[in-house]
Amino acid sequence: MRSLANTIALTSLLVLGGVANAQSVTWDWSFTDTVSGGTDSGSGTFTTAALSGASYQVTAVNGTWDSATIAGLIAAGGYAGNDNLLLSGATQLDVPGISFAVDGPLQQVNLAYITPGDGAVSTGYVVAATNLAGGCVYTNCVPTSSFGTFTARQAPEIDPTSAASALALLLGGLLVLRGRKQQGVAA
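Quantities reported herein were computed from a predicted structural model and do not represent experimental measurements.

**Points about the confidence of the model for the chain**
Per-residue confidence for the chain gives a mean pLDDT of 77, with 61% of residues at or over 70. Considering only residues more than four positions removed or in separate chains, one finds that residues 7–21, a stretch of pLDDT under 50, has 14 contacts.

And the structure:
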């Protein structure tokens, strides 16, 4: 009985621990044009895959941009060369950046980090936005841009697999104690 309880506890820990490691990560993000004197701003959440190397691949975005609803993530390479990576270092965006579509007025937005070596006149977080209303196509539209402050912080959340893992460990421990008690072994 004791080896069965130990096997159940170990198997539960391995299975549920593996599930927890494969989970997505949710981030609260915001951008405010504090540098250019413009009015661009947005906030919401990014959903990313788990950390891979030094970055997280953004798989979904929601929130608002300039008071309009974000419609969804634009696939990597779909706008302004975006790669949709959130970096794990002090600088959280790279030059290709993260792109998403915005409803009413229809826009495409790219959040990125640029330096003078990238053709910019200054270093910092930048947004490029193209308004697609009125038949505008990317090849004949000039995106507007503004510099500002970007932050992304891992959102606090309760991982259901952590609760399940704790429950599995508790049940496994109780089974071990029960088995010892039935065999007359001191706990």
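**Details of the pairing of strand 9 (residues 144–154)**
Across six bridges, strand 1 (residues 25–32) lies against strand 9 in antiparallel orientation. Across the sheet, the residue bridging to T32 is T149, located in strand 9. Taken together, the five bridges between strand 8 (residues 124–131) and strand 9 define a ladder with antiparallel strand orientation. Bridge pairing in strand 9 places Y125 opposite G148.

**A short note on the nonpolar core**
One recurring pattern in soluble globular proteins: nonpolar side chains tend to sit buried together. Judged by nonpolar contacts, the single largest core of 23 residues is most densely connected at W29, F46, W65, L86, F100, L111 and F150. Secondary structure elements with two or more residues in this core: strand 1, strand 3 (55–65), strand 4 (68–73), strand 6 (98–102), strand 7 (107–114), strand 8 and strand 9. Residues contacting L86, with those up to four places away along its chain left out, are W27, F46, T48, S55, Y56, V58, Q92, L93, I98, F150 and A152.

**Looking at unusual backbone geometry**
Phi is positive for D66, which is not a glycine, with a value near 50°. Within the element layout of this structure, D66 appears in the loop between strand 3 and strand 4. Among the residues examined, D66 registers a relative accessible area of 30% and is labelled partly exposed. In this structure, N84 is a non-glycine residue whose phi angle is positive, near 55°. Structurally, N84 is set in the loop between strand 4 and strand 5 (85–87).

**With respect to the pairing of strand 4**
Summarising the sheet, strand 3 and strand 4 pair through two bridges and their orientation is antiparallel. Along strand 4, the bridge assignment pairs W65 with A68. Two successive antiparallel strands, strand 3 and strand 4, enclose a turn made up of two residues, where D66 displays a positive phi of approximately 50°. Pairing of strand 4 with strand 6 involves three bridges; the strand directions are antiparallel. From the neighbouring strand, L73 faces strand 6, where its bridge partner is F100.

Quick notes on the rules
- Residues numbered from 1 in each chain as written.
- Predicted model: local features only at pLDDT ≥ 70, side-chain atom pairs only at ≥ 80, totals over all residues.
- Heavy atoms only, no water.
- pLDDT = per-residue confidence, 0-100.
- Contact = heavy atoms within 4.5 Å.
- Pairing = 2+ DSSP bridges.
- Helix = DSSP H or I, 4+ residues; strand = E, 2+ residues; numbered from the N terminus.
- Core = buried A, V, L, I, M, F, W, Y, C linked by side-chain atoms within 4.5 Å.
- Buried < 20%, exposed > 50% of the residue type's maximum accessible area, 1.4 Å probe, protein only.

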